[in-house]
Amino acid sequence: MKVTSLRNLDVRLPLSALVAIGFGLALYRFYGGLGVATNLNDSFPWGLWIGFDMLCGIALAAGGFVLAGTVHVFGLKKYEPFVRPAIVTAFLGYLLAIIGLTLDLGRPWAIWHPLIMWQPHSALFEVAWCVMLYTTVLFLEFLPIVFEKLRWSGALRAIQRVTVVFVFAGIILSTMHQSSLGSLFVMMGHRLHSLWFTPMLPLLFLVSAVAVGLAMVIFEALISGLIFGHRHSIRLLGDLAQALPPVLGIYIGLVLMDLNARGVLGLLVENSLESWAFKIEIILGFFLPGTLLLSSAVRYNRMKLFGCVLAVIVGVVMNRLDVSLVGMLATSPTGYLPSWIEILVTGGVVAGGLLVLSVMNQALPIAKPLPRTSFATDATRGGGRAGHA
Amino acid sequence: MKKLNRREFLATSGAAASSALLPAGEAEASGAAPPSYDYAEAVLYDATRCIGCRSCQRACREYNGLAPEAGELNGVRFEMPAQLSEEHWMVLQVYREEPDAAAAEGRDPDWSYLKRNCMHCNVPACVSVCPVGALQKTDTGAVTYDEDRCIGCRYCLFACPYRVPRYEWVDRTPRVRKCNWNRACVRACPVGALTGGARAKLVAEAHERIEERPDRYVDHVYGEHEGGGTSYLILAGVGHDKLALPSISPSVRSSYVDPIMGSLPGWIVGMGLFLGGLYQIERRRRERESMRNGENDGEGPP
Ligand code: SF4
Ligand code: SF4
Ligand code: SF4
């Protein structure tokens, strides 16, 4: 543990510096206005903060509901050790997305307006509600970890008795939320390149979120194995990765069907920025890992598995940036490249997330598998034990 | 009255929901009639009558207290802005055809003025995407903006097919800016290029003008059907594509999103039942298993 804490400091100092820089620049953005700090303009109103902080942040947080569903609803208890890290990551991911959103909103002090000013025709209204509700659910799913640390066995038992309700609510809310981020762009047929624009966007966003959720869980387990040493057996990780090829396959199938139905398959052979971005995204992020992971030699090898899940993560991040930024370039007379302030602020937000994660990993029983967790029946049956844990 | 239109809007979206995932063309054919706002105040702009004096642009600026138009006064040129911005909610644009292209066909180059501002759509995309209802279509035909509701998400800027709303980018308390349908421009026009009145009447009048002088006009009242129709109607001697006005299908633009939003209650209930069912099955299986284990435990040791 001593070695780890030294290593921790090495990582935490630069991270803190990034957070400080990002914070300062964020203040500047509030002082001068969005136009001063960002490269946004009337023809390109959403930039990196929506494209990365919001869209990618939420997509990468999908592991929370995917794992909760796998373990608690489908009853695959052997994956239980991954649930807590996934919940913590998802919780952080959502908090970061909220910070990104606060920076991006022109009138952030009015961020609560969707609570009382209803406009249920708007996909953004749905997004706002899902963010609020699911962050609350994630917080409640996160609480047992804190209670356990504090040894509040009464509170722990009480909250574990209703866990299944959170799990259900969490799954319903996240599936809605992941897809609603796609619905946002369904109104943008006149802006978004036809390779990405389709009324199916909500479904595509949901399926790719499930894929990247799984990939993130495996990715984190491998990384934390490298840093903290408590490695999950490669058997378990490889078994979990078995779910990826079907999900990636469904995604590719849906995309090709959709391109074909809209009669734009021909765009794939074009030699344009959009066409290349699309091809790289689909081949690198979906086709390659989807095919490679079919082989058990790849799945049960740490390095190869790592490469595959990393490809999925990069592919989905590319997809979100393509939909929100690259696909919008052609229809904007000015174009858009994020300003250095936008990039550094995003860097600061991500660094903040990693910093909190590293502190939490040390202070809270996150990675430690527990004897009995999170089920009403389990809690009543093994209730006595929870207090000792 | 306000309620009626609201209901009309909802009815439309409901009808659109039935055409959920059909391609745009078929959705059109299934024909959900958008609210017409036939008796709301509309404005007809006849580009062939416009003399380009820009009195309308000046009236707009004065009425709304906007900054003077760009350029230097003493000495150098004084230029009128040609693009909408947060300080210019209405601009007069000029289209001129390439002389060579026209000469090749042995005719004079086409040209036209174009008065650009918010179209005040019957089913406005900006209204349907705004998460807090800061933008509203009122019974007067106007699409209004309420800065006290706005959260500054700028979704309206993205969603408007005519790219009308502008944003105060360099401002600590930014607002969305666009034409508010006060019709100061109509009152200012010295030659009757702008006509105000009930929408149905103006549409009829526009068609009459086309019929009387087919040589003068392109046979298209822009805004009659575009995206469900608009309260600002444009009549010109040059095709709208040349004037850089977008071609928009008559189907209601929000028809893609409404079925998605409409499916949510079903999704919540369905997912709830599905997850609940799975969970019950799973729990029974586990109980049976633990019972079996218990029996084994009991039988095992002795
Ligand atoms: S033109 Fe644009 S801003 Fe004006 S009402 Fe229509 S959608 Fe809204
Ligand atoms: S910027 Fe304001 S008016 Fe426009 S969609 Fe967002 S909340 Fe509504
Ligand atoms: S005031 Fe009338 S004639 Fe003058 S520019 Fe405006 S519309 Fe044209």
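For the structure itself, look to the data block above.
To start, this report covers the structure provided alongside it. Residue positions within a chain follow its written sequence, with the count starting from 1. Chain A is the first chain written and ligand 1 is the first ligand written, with later ones labelled in order. The predicted nature of this model means local features are confined to residues of pLDDT at least 70 and side-chain atom pairs, given and counted, to a pLDDT of 80 or more, with totals for whole chains, interfaces and linings taken over all residues. Processing note: side-chain calculations cover all non-hydrogen atoms of the structure and skip hydrogens and water entirely.

What about the overall build of chain A?
Selection rule: Helix and strand definitions follow DSSP, with helices as H or I runs of at least four residues and strands as E runs of at least two, each counted in order from the N terminus. Note that the radius of gyration is over C-alpha atoms, with the globule rule given as 2.2 Å times the number of residues to the power 0.38. Under the scheme applied here, a residue whose accessible area is under 20% of the maximum for its type counts as buried, over 50% as exposed, and between as partly exposed, the area being computed with a 1.4 Å probe on protein chains only. Residue contacts are counted whenever heavy atoms from the two residues lie within 4.5 Å of one another.
Along its length, chain A carries 17 helices and zero strands. Taken against the 2.2 N^0.38 rule, which gives 21 Å for 389 residues, the C-alpha radius of gyration of chain A at 21 Å falls within 12% of a compact globule. Over its C-alpha atoms, taken along the principal directions, chain A stretches across nearly 65 × 50 × 45 Å. Residues classed as buried in chain A amount to 60% of the 389 residues present. For chain A, the proportion of contacts with a sequence separation of at least 24, taken over those separated by at least 6, is 80%.

Observations regarding the overall build of chain B
Applied cut-off: Working definition of accessibility: Shrake-Rupley area with a 1.4 Å probe, residue cover restricted to the visible protein chains.
Assigned secondary structure in chain B consists of ten helices and nine strands. Within the span of chain B, comprising 302 residues, buried residues form 49% of the whole. At a minimum sequence separation of 6, the contacts of chain B that also span at least 24 residues come to 59%. In the structure as shown, chain B presents an accessible area of about 14,900 Å², 54% of it carried by carbon and sulfur atoms.

Regarding the pattern of salt bridges
A side chain of one charge can pair with a side chain of the opposite charge when the charged atoms of the two come close. Residues and elements named next belong to chain B. Selection criterion: Think of a salt bridge as a Lys or Arg side-chain nitrogen and an Asp or Glu carboxyl oxygen that are within 4 Å of each other.
Applying the stated criterion to the full structure yields 21 salt bridges over all chains. Residue Glu168 is joined to Arg177 by a salt bridge in which the shortest nitrogen-to-oxygen separation is 3.5 Å. The exposure classification of Glu168 matches that of Arg177, with both residues buried. Its salt-bridge partner being Arg285, residue Glu289 comes within 3.1 Å of it at the nearest N-O pair. A residue pair is termed a helical-turn pair when its members lie 3 or 4 positions apart in one helix, as Glu289 and Arg285 do in helix H10 (residues 264–299) at four residues. The class of Glu289 is partly exposed, set by a relative accessible area of 34%. Among the charged side chains, a salt-bridge network with shared partners connects Glu97, Glu105, Arg107, Asp110 and Lys242.

Considerations on the site of ligand 3
The line we're drawing: Consider each residue's heavy atoms; a residue with any of them within 4 Å of a molecule or strand counts as near. The residue classification treats Ala, Val, Leu, Ile, Met, Phe, Trp, Tyr, Cys and Pro as nonpolar and Asp, Glu, Lys and Arg as charged. All others, Gly included, are polar.
In the region of ligand 3, 13 residues are neighbours, and Cys50, Cys53, Arg54, Cys56 and Cys189 of chain B sit closest. Considered class by class, the residues forming the shell around ligand 3 number ten nonpolar, two polar and one charged.

Things to note about the nonpolar core
For clarity, the threshold we go by: Within this scheme, the nonpolar core is defined by two criteria: the residues are buried Ala, Val, Leu, Ile, Met, Phe, Trp, Tyr or Cys, and they are joined through side-chain atoms within 4.5 Å.
Counting residues in hydrophobic clusters, the biggest one holds 153 residues, and the most contacted among them are Leu67, Phe82, Leu184 and Phe185 of chain A together with Tyr155 of chain B. The biggest single contributor to this core is helix H10 (residues 201–228) of chain A, with 16 residues. Tyr45, Leu66, Trp89 and Cys189 of chain B belong to the second largest nonpolar core, which has 37 residues in total.

Regarding a negative patch on the surface
Filter applied, for reference: To count toward a patch, a residue needs a relative accessible area above 30% and no salt bridge. Like charges then connect within 9 Å, nonpolar side chains (Val, Leu, Ile, Met, Phe, Trp, Tyr) within 5 Å. Charge assignment in this entry is limited to Lys and Arg as positive and Asp and Glu as negative, and neither His nor the chain termini are counted. The atom standing in for a charge is NZ when the residue is Lys, CZ when it is Arg, CG when it is Asp and CD when it is Glu.
Together, Glu208, Glu211, Glu212 and Asp219 of chain B give the surface a local cluster of negative charge. In this structure, Asp219 of chain B sits in the loop between helix H8 (199–212) and strand S9 (232–235).

Describing the interface of chain B and chain A
Convention followed: The term buried area means the drop in 1.4 Å probe accessible area that two parts suffer when joined, counted for both and summed. Pairs of N or O atoms are called polar contacts if they sit within 3.5 Å, as long as, within protein, a hydrogen donor faces a hydrogen acceptor (for residues adjacent in sequence, only side-chain-to-side-chain pairs).
On the chain A side, the residues contacting the 57 residues of chain B number 58 residues. Summed over the three residues of chain B that lose the most area to chain A, namely Tyr155, Phe158 and Trp169 of chain B, the buried surface amounts to 16% of that side. Inspection of the chain B/chain A interface yields one salt bridge. We note a salt bridge from Asp104 of chain A to Arg154 of chain B, for which the minimum N-O separation is 2.8 Å. The interface formed by chain B and chain A holds 27 residue pairs in polar contact (both at pLDDT 80 or more) in total. Elements with a minimum of two residues in the side of chain B that touches chain A: helix H1 (2–18), helix H5 (125–129), helix H6 (155–159), strand S6 (166–167), helix H9 (257–262) and H10 of chain B. Tallying contributions element by element places H10 of chain B first for the side of chain B that touches chain A, with 13 residues. Grouping the amino acids of the side of chain B that touches chain A by side-chain chemistry returns 33 nonpolar, eight polar and 16 charged.

Considering the environment of Gly327 of chain A
Within the fold, Gly327 of chain A resides in helix H15 (residues 302–329). Along the primary structure Gly327 of chain A and Leu273 of chain A are separated by 54 residues, whereas in three dimensions their C-alpha atoms are 9.2 Å apart.

Remarks on helix H12 (residues 244–261) of chain A
One turn of the α-helix equals 3.6 residues, which is why residues spaced by three or four share an orientation. Residue and element names in this part refer to chain A. Let me state the cut-off plainly: Each helix should span, by expectation, one fewer than its residue count multiplied by 1.5 Å.
With 18 residues, H12 extends 26 Å from end C-alpha to end C-alpha; this agrees with the ideal 26 Å at 1.5 Å per step. Those residues of H12 that fall on the buried side of the exposure criterion are Leu244, Pro245, Val247, Leu248, Tyr251, Ile252, Leu254, Val255, Asp258 and Leu259. Looking at the packing, one finds that the buried side of H12 touches H10, helix H11 (234–241), helix H13 (273–292) and H15.

A short note on unusual backbone geometry
Among all residues save glycine, negative phi is the norm, and among peptide bonds the norm is trans. Residue and element names in this part refer to chain B. Positive phi values are uncommon outside glycine, yet Arg54 reaches one of about 65 degrees. Here Arg54 is to be found in the loop between strand S1 (41–46) and helix H3 (55–64). Not every positive phi belongs to a glycine, and Trp181 is a case in point at roughly 65 degrees. Within the secondary structure, Trp181 sits in the loop between strand S7 (176–177) and helix H7 (184–188). Residue class for Trp181 comes out buried when judged on its relative accessible area of 7%.

A short note on the site of ligand 1
The full set close to ligand 1 counts 13 residues, and Cys118, Met119, Cys121, Cys126 and Cys160 of chain B are the nearest of them. Here the residues of the shell around ligand 1 sort into eleven nonpolar, one polar and one charged.

Focus: the sheet that holds strand S8 (residues 194–198) of chain B
Strand pairing in a sheet relies on backbone hydrogen bonds, with the paired strands running either antiparallel or parallel. Residues and elements named next belong to chain B. This is how the line gets drawn: At least two DSSP bridges between two strands are needed for those strands to be called paired. Fitting a line to C-alpha atoms yields each axis, with helices limited to the stretch in contact; the angle taken between N-to-C directions then spans 0 to 180 degrees.
Across the sheet, three strands lie side by side as S8-S1-S9; this open sheet has mixed pairing. The open sheet has two edge strands with one neighbour each: S8 and S9. The mean inter-strand angle of the sheet, taken between neighbouring strand axes irrespective of direction, is 25 degrees. Packing against the sheet, H8 makes contact with S1, S8 and S9, and its axis sits at approximately 135 degrees to S8.

Read these as spatial facts, not as claims about activity.
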